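What follows is each chain in one-letter form.
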Amino acid sequence: MNKKLHPQTLAIRGGKEQTEYREHNQALFLTSSFMWESAQHAADLFSKKIKGFTYTRTANPTTAAFEKRIAALEGAERAVATSTGMSAIQAAFFTFLKAGDHVISSRSLFGTTVGFINNIVTKFGIEVSHVSPVDVDEWKAAIKPNTKLFFLETPSNPLGEVADLEALAELAHSIGALLVVDNSLLSPVGSQPLKHGADISVSSATKAIDGHGRVMGGVLAGSEELMTQVAIYCNSCGLAMSPFNAWQLLSGVETLSLRMEKQFDNALKIAQWLQQQPQVQAVYYTGLPDHPQAELIRKQQNGGGIVIGFEVADQEAAWKVVDGVALFSRTANLGDVRSTITHPWTTTHGRMQPEEKLAANIRPGLIRLSVGLEYIDDLIDDLQQALNK
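Overview of the structure. (Residues numbered from 1 in each chain as written. Predicted model: local features only at pLDDT ≥ 70, side-chain atom pairs only at ≥ 80, totals over all residues. Heavy atoms only, no water.)

1. Quick look at the environment of Gln-8
Working step 1: Here Gln-8 shows up in helix H1 (residues 7–13).
Working step 2: Judged by its relative accessible area of 33%, Gln-8 is partly exposed.
Working step 3: Sequence-distant contacts of Gln-8, that is, excluding residues within four places in its chain, are made with Ser-257 and Leu-258. (Helix = DSSP H or I, 4+ residues; strand = E, 2+ residues; numbered from the N terminus. Buried < 20%, exposed > 50% of the residue type's maximum accessible area, 1.4 Å probe, protein only. Contact = heavy atoms within 4.5 Å.)

What follows is the structure, given as structure tokens:
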């Protein structure tokens, strides 16, 4: 077929490593290494004269199938799978940065990402400046002669702040820097950052791509040139994804479009309901029509996503809601078919200093929801009884 396939079709048919046995489902290659026919065959494989597989840390057919499907969904030339979302972020930084370089980072990030940047990246002599994800002028003012990389997540977790990717891409490229975007909250179904100028899209496949809370994984997508460098780094540092995890994630990819469509719809209904509750002081969700960045969201997102942030009076009130739910799972994971709830101040962002949390607008009364596939009225009833306690 010559026509361009829909993402829902690409998620199912976008990549497969077929064997001589003609299996219908992608086979699981649970092996550490692969054999060669002769010494010459081995030499040709290792010298890249021919394509093939030698060792699973370097490449594996099951993992390769996963990478091809994510690349198709992201609109990328190539994708590289890693063991976790954090290892994917590590690869995005350390493949392209060295001591003496400078990074400009959004201050509105997942708490573990903040810790990695502030405590690990800086330890290697790399400077970091933190800015607002939505104020392009702050990014411009933070530029230094040694700036090599811009990093952000959009929407931000869990406040739904949306960065203008085209504006930031233009700014980064004007100084020869890379724009790296964490796409975990929307998945490749909800957003394709590369189409808006990003150089690399990074996702925690543990989240929506898996969608069932089963396994961990990460993935980077971008040009062949950049991903070749990333693959070398990941191979050298042992960041490979387990073939079993890739096999599980492939089944998640196949249902991703349908799951996201319904979960986005459920999330919007809950966000609109929360806006009407007297105990709720603020609601943060990018699918709301009155979101201050609604026009930008329509331009670069395919829906509002699955994560909602909302604020109640204080930490005591927030904990009462978290402890009061019956259906929502009290866990820090997101993107699951099962709805989850957590208190960012003491969990996902708990290792940050109080002033860092407040600078990122993470306050003690903030609650984060990840909305799943349960019947919408049951989810709302659960939140209602928890808010009333």
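2. Points about the pairing of strand S6 (residues 200–204)
Working step 1: Most of S6 sits out of view: 5 of its 5 residues are buried.
Working step 2: Sheet topology note: the S6/strand S7 (residues 218–222) ladder contains 5 bridges and is antiparallel. Looking at the pairing, Ile-200 lines up with Gly-222 of S7. (Pairing = 2+ DSSP bridges.)

3. Points about the environment of Ser-201
Working step 1: Inspection of the secondary structure puts Ser-201 in strand S6.
Working step 2: By relative accessible area, which is 1% here, Ser-201 ends up buried.
Working step 3: Sequence separation of Ser-201 and Glu-74 is 127 residues, and the distance between their C-alpha atoms is 7.8 Å.
Working step 4: Beyond its immediate chain neighbours, meaning those up to four positions away, Ser-201 contacts Glu-74, Val-181, Asn-183, Pro-193, Leu-194, Val-219, Leu-220 and Ala-221.
Working step 5: Within polar-contact distance, the side chain of Ser-201 engages the side chain of Glu-74 at 2.9 Å. (Polar contact = N/O pair within 3.5 Å; in protein donor to acceptor, adjacent residues only side chain to side chain.)

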